[in-house]
Amino acid sequence: MALSGMRGLSVFISDIRNCQNKEQERLRVDKELGNIRTRFKNEKGLTPYEKKKYVWKMLYIYMLGYDVDFGHMEAVSLISAPKYPEKQVGYIVTSSLLNENHDFLRLAINTVRNDIVGRNETFQCLALTLVGNIGGRDFAESLAPDVQKLLISSSCRPLVRKKAALCLLRLFRKNPDVVNIDGWSDRMAQLLDERDLGVLTSSMSLFVALVSNNHESYWSCLPKCVKTLERLARNQDIPQEYTYYGIPSPWLQVKTMRALQYFPTIEDPNTRRSLFEVLQRVLMGTDVVKNVNKNNASHAVLFEALALNDLTTNFLLQTLRLYREVCSRYVDVILQLIDKAGDFVSDDIWFRVVQFVTNNEDLQPYAALKAREYLDKPAIHETMVKVSAYLLGEYSHLLARRPGCSPKEIFSIIHEKLPTVSTSTIPILLSTYVKILMHSQPPEPELQNQIWAIFSKYESCIDAEIQQRAVEYFALSRKGAALMDILAEMPKFPERQDPLWKQSSLIKKAEDTEADTAEQSAIKLRAQQQSSNALVVTDQSPANGTPRVSQLSLVKMPSMSSEDHNTAEQGVTQANGTLSVVDPQPSSSSPGLLGDLLAIEGPPGVAVESEHNLVSGSEGASDALALAPVGEQTNTVQPIGDIAERFNTLCLKDSGVLYEDPYVQIGIKAEWRAHHGRLVLFLGNKNTAPLVSVQALILPPTHLRLELSLVPDTIPPRAQVQCPLEVVNIRPSRDVAVLDFSYRFGNNVVNVKLRLPAVLNKFLQPIPVSAEEFFPQWRSLSGPPLKLQEVVRGVRPMSLMEMSSLFNSFRLMVCPGLDPNANNLVASTTFYSESTRAMLCLVRVETDPADRSQLRMTVASGDPTLTFELKEFIKEQLVSIPTALRPLAPVPTPQAQPTTSPAAVSSDPGAMLAGLL
Amino acid sequence: MGSLLQIMHFGGNGSSSTLRLLKFLSRPEVLILSLTLLLLLQIHFVLLISRQGKVRLTKWYSPYSQKERTKVIRELSGLILARGPKLCNFVEWRGFKVVYKRYASLYFCMCINQDDNELEVLEIVHHFVEILDRYFGSVCELDLIFNFHKAYYILDEILIAGELQESSKKTVARLIAAQDSLVETAKEQASSLSNMIAQATK
């Protein structure tokens, strides 16, 4: 089966293979290209077979790495051939030679569309494959509805529908704005009921894309995903051909779990239980087996399952158990390895065991016991002596009650090995002896004398290391109790040296959870109340006038049972604490924040408990809306200060006032760490009457995950409410989150939309780089899309010094001296998000001293989106924004008016954005 | 040139089960439980490169210009061909991850996002190889050289838009067989037609 079925093509390939060197090959290729070019010029004389053959030759030459800059037209024209063989070649060669940006593709759109809407299913398949692989915007605009129709058509066979699903996925992913997916949640739910696993696999990929864009619309699909997983995990109704090394389609399992990861929580207890069972099955059923493919496939599923950790706490604990099992297995395996093949085990490996055991307290007794067992063997490798001696010196006291593990016994079994070891091992043994001595306080005189005798013997050893240790240990061990401090157990190694440990925030979370097992119920309660731990601070005298002792007190708002009210709340806030998020430190207990109260005038503070009844925010607000007289309140409430300016200030600072008017002041304080952020909104009522119908909604951009704790419906007179807001940065973007805040005061309903300063630069961490670090990085990021350059005009006039400090203020660290040209500026920073993790970003700005209004900027990072977004972000900071047209007093739009009133639009880009959302 | 599957590399198996377990446990992909929410899975491109650095198949799902394609191939063949047989099957490259596996004289490579599930993709590679093996009957590099167009047809039945389309080997085999017979039929028709014309114009 070695011939292509096209003689000319086979001969050509053979010729190429027979070429002795590159030069010959080039000559042969040039000859062939010349031939093809001549034949194509004279197209009339070509039979379809010949055309097909030449197009294949072109693809072959192209694959060899030669430029083929003609003949694209011929390849594309074959698409419209009436017969299958030519059409097939046209489609395949076109999609291999061209990419979505080639203009030639436009010529084919009509033919492709005819094939898609036509009745011939083999043509449909070819067309869908082409569009799925290289379809760009033009295709999305003209074909998306047709593709959608095919996907849900009941008359289409699976082979067409699975291609339609992936074709649609590409069109949607590339141009989400063009593909209309309104009302697709029902269709998606239907598609997830599909019995054909090929169609289901493709549909699940499409579903992942849709859900990642917006999970809210697809809640109804969640149980279907769990059902699919159940079907796969139990191997129910899965045709043999869809199992892979005995595992029911691992790919579909992974994909389905991926989709579930986009849902923050699972409300329905039955669905939750089913998922838990599936995960348990995956966790327990995954074993290391001989077949490498089965291993890979089952672990692919296992790791995907682990990523689903947020959905159940129990699962987390099991993960921890599994993790520990893996750890002890690791120790076992390495010790076995040292035992069997000690000569081949480098020091690194046993250091690693020590490090590993030191950092995992649970492992310590186990490792010590294992080490003790190995010492019983008649002949052991020297490396084993080292690692056993070390482990027993540190941890043998944990075995104290076991037979054969008294300090004396441990000492003598180790000391037996001393005559057999080399000088490099003796220092380790000496340390072990002194540790044993330390752990057996008060020391048995006999053991102490034995060990001292050894130390004094080595005090005159010719090896400096041994001598020094012997002298020091001898002196130290005479100091009695002081010994304890100096020789205490080694501290844990820093995490970054421990790859097994460092990644696992999951494990830490699990540990925290486990540590609190005794408090399980308390935690659950807390988790339920998470949404309501807003802190109310007030300085108004209580009604009865009795001053309280404490100035500030934590007032727990009446907590709703989150189980019951979730549905009602979802539309209102993002606040629903997922049950699995267990935060052992409730967010309100941060005393530092209390010091930063915003200035609210009033008598010396005394706390009162809030008495009002907390109604569901949405009801309260809608009532207020209904009652608010429409015409009367336009422009009655003016903000104090410039909202846009306040926002800009907060982009560079972490605390300050976000908004203020005669009735209310909203302050903000933020802490940022890697891709996490924690903002606290301080909602202060400046008046002597309560603010009611208070409502705060977060309109999140897709790249941030935001969770605002519940905002009370009423703010008591002269009180301040603190609402924590958790932010997680998912990927680089310059979009801005908006706070939609409204309240009623008397007859005034005020509604403002405020941009939140959770902007791109908050997720930057300045990092200094040296020339040695900078230049290799800079060179390795060689061009678009990872490195982008742009000439920026209309730059605000500023000196290089000012520009440096501007850069530093948004956390780009300027590295002076890196660029030899004094007019240039080089800066570096690290960007954090879930998708990029920590990513180094490098920036170079070349200025023109003669013309300060323009500069050339180059931005580089390991992520194309990040590079682009960062470049745009810096540009925004550098170019001057025309301010002259802005009205003097921006007006928060009263609720009664649509938020897109022209005044609001021109006053604040945030409001404009919010209007669009 | 031997069959790809017969001398398949399992990534440097040790002889004893202990060594294999050790190997497995110390592979970074096993140790690092990737926890971040993942980007959409997408295979950006597929490359088949021979040990001599000859390209046997390229398929690009993300838009790369001709220049970029050449550069990527050059860079990756340098990177992957130089790696020892016992090294990990995943290489970080320009902020992406390249999953590769060597079968006899051929390296199969797929480029994915950093956060994608690399084990899953490694098995997509194997799935593809098994289907090629079934179609050609113990596939070897020569098959893929002379029938490179068949390899493209088959890949198109397995992946679209960089996503797995079909996980049943049987279904893929059936669809490819149907395509082959369509081409055959067309050929026969054409030859009988030209016979008729020849007859008529005699």
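From a predicted model like this one, the values you see are computed outputs, not experimental measurements.

**Q** Sorry if this is basic, but what is going on with helix α2 (residues 22-41) of chain A here?
**A** Because the α-helix completes a turn every 3.6 residues, residues three or four places apart line up on one side. Residues and elements named next belong to chain A. Counted at 1.5 Å a residue, the expected span for α2 with its 20 residues is 28 Å, and the 28 Å between its end C-alpha atoms agrees. Of all the positions in α2, only Glu25, Arg28, Val29, Glu32, Leu33, Ile36 and Phe40 are classed as buried. The buried residues of α2 occupy one face: seen down the axis, they fall within an arc of 135°. Exposed and facing more than 90 degrees away from the buried side of α2 are Leu27, Lys31 and Lys41.

**Q** Would you explain helix α12 (residues 222-233) of chain A in this entry?
**A** All names here are of chain A. Across its twelve residues, α12 extends 17 Å between first and last C-alpha, which sits within 8% of the 16 Å expected from 1.5 Å per residue. Every buried residue of α12 is listed here: Leu222, Cys225, Val226, Thr228, Leu229, Glu230, Arg231 and Leu232. On its buried side, α12 packs onto α11 (197-213), β2 (247-248), α13 (250-260) and α14 (269-285). Looking one or two residues beyond α12, the residue adopting positive phi is Asn235, at roughly 55°.

**Q** How do you make sense of the packing of aromatic side chains when you look at a structure like this?
**A** Within the structure shown, the criterion is met by 30 aromatic pairs over all chains. Judged by centre distance (5.5 Å) and plane angle (85°), the rings of Trp56 of chain A and Phe148 of chain B are edge-to-face. Placement of Trp56 of chain A in helix α3 (residues 48-63) and of Phe148 of chain B in helix α6 (residues 148-158) is noted, with the two residues assigned to different chains. What makes Trp56 of chain A buried here is its relative accessible area of 0%.

**Q** So what exactly am I meant to see when it comes to the environment of Ala674 of chain A here?
**A** Residues and elements named next belong to chain A. Within the secondary structure, Ala674 sits in the loop between β5 (664-673) and β6 (676-685). Sequence separation between Ala674 and Leu764 is 90 residues; the distance between their C-alpha atoms is 7.6 Å. Not counting chain neighbours up to four residues away, the residues in contact with Ala674 comprise Phe763 and Tyr832.

**Q** Sorry, what's going on with the environment of Gln695 of chain A here?
**A** All names here are of chain A. Tracing the backbone shows Gln695 in strand β7 (residues 692-699). Judged by its relative accessible area of 15%, Gln695 is buried. Placed 19 residues apart in sequence, Gln695 and Thr714 show a C-alpha to C-alpha distance of 8.9 Å.

Rules of the game
- Residues numbered from 1 in each chain as written.
- Chains lettered and ligands numbered in written order.
- Predicted model: local features only at pLDDT ≥ 70, side-chain atom pairs only at ≥ 80, totals over all residues.
- Heavy atoms only, no water.
- Helix = DSSP H or I, 4+ residues; strand = E, 2+ residues; numbered from the N terminus.
- Expected span 1.5 Å × (residues − 1).
- Buried < 20%, exposed > 50% of the residue type's maximum accessible area, 1.4 Å probe, protein only.
- Arc of directions from axis to C-beta.
- Contact = heavy atoms within 4.5 Å.
- Phe/Tyr/Trp six-rings, centres within 6.5 Å; stacked < 30°, edge-to-face > 60°.

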